[in-house]
Amino acid sequence: MTDFNKIFFDTAPLIYLIEKNDKFYEQTKNWLAQHIKKDTKLFTSVVTIAEFGVKPYKSERLDIIKD
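What comes next concerns the included structure.

1. A short note on the packing of helix H1 (residues 11-19) against helix H2 (residues 25-37)
Item 1. Following both chains from N to C, one finds H1 and H2 inclined at 110 degrees, their axes separated by 9 Å at the closest point. What the angle tells us is that H1 and H2 run roughly perpendicular. Note that H1 runs across H2; the crossing there is left-handed. Contact residues: H1 offers Pro13, Tyr16 and Leu17, while H2 offers Tyr25, Thr28, Lys29 and Leu32.
Item 2. By residue class, the composition of the contact of H1 with H2 is 5 nonpolar, 1 polar and 1 charged.

This is the structure we're talking about:
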């Protein structure tokens with residue numbers, strides 16, 4: 001049986017949440033809320049920090065990175 005108390009969370013869903021992506025925001029938010037309620041441990045890579053900041057940095061939207 002798979003242990004769903006530990007899930008790796010990739011960069012893309014985090015970006016969907018922060019940028020409130022029209023197509024994926026609600027689905028991602030609901031999925032994340034469900035796992036938070038279950039006390040699921042979510043992990044991500046240090047690479048996520050670098051990947052996440054590229055577009056906001058190029059667009060001079062440092063407020064997004066700060067948030």
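From this point, the discussion proceeds with the structure in view.
2. Re H2
Item 1. Its 13 residues give H2 an end-to-end C-alpha distance of 18 Å, which sits within 8% of 18 Å, the value for a rise of 1.5 Å per residue.
Item 2. Looking at H2, one finds that the buried residues are Tyr25, Thr28, Leu32 and His35. Mapping the buried residues of H2 onto a view down its axis gives an arc of 110 degrees, with all of them on the same face. Facing away from the buried side of H2 by over 90 degrees, the exposed positions are Gln27 and Lys37.
Item 3. Those residues of H2 hidden inside the fold are in contact with strand E1 (6-8), H1 and strand E2 (41-43).
Item 4. Directly beyond the C-terminal end of H2, a positive phi value near 60 degrees is found at Asp39.

3. Some thoughts on the packing of aromatic side chains
Item 1. Counted according to the given criterion, the structure contains 2 aromatic pairs.
Item 2. Measuring from ring centre to ring centre gives 4.7 Å for Tyr16 and Phe24, while their planes differ by 25 degrees; the resulting arrangement is stacked.
Item 3. Since its relative accessible area comes to 29%, Phe24 is described here as partly exposed.

4. Things to note about the packing of H1 against helix H3 (residues 46-58)
Item 1. Close contact between H1 and H3 brings their axes to 10 Å; oriented N to C, the two are set at 40 degrees. Looking at the two axes, H1 sits oblique to H3. Note on packing geometry: the crossing formed by H1 with H3 is right-handed. Residues Thr11, Leu14, Ile15, Ile18 and Glu19 of H1 touch H3, and the partners they reach there are Thr48, Glu51, Phe52 and Lys55.
Item 2. Broken down by class, the residue content of the contact of H1 with H3 amounts to 4 nonpolar, 2 polar and 3 charged.

Each value, and the rule that gives it
Residues numbered from 1 in each chain as written. Predicted model: local features only at pLDDT ≥ 70, side-chain atom pairs only at ≥ 80, totals over all residues. Heavy atoms only, no water. Axes fitted to C-alpha atoms, helices over the stretch in contact; angles between N-to-C directions. Helix = DSSP H or I, 4+ residues; strand = E, 2+ residues; numbered from the N terminus. Parallel < 35°, antiparallel > 145°, perpendicular 65-115°, else oblique. Left-handed = near helix turned anticlockwise from the far one by under 90°. Contact = heavy atoms within 4.5 Å. Nonpolar A, V, L, I, M, F, W, Y, C, P; charged D, E, K, R; others polar. Expected span 1.5 Å × (residues − 1). Buried < 20%, exposed > 50% of the residue type's maximum accessible area, 1.4 Å probe, protein only. Arc of directions from axis to C-beta. Phe/Tyr/Trp six-rings, centres within 6.5 Å; stacked < 30°, edge-to-face > 60°.

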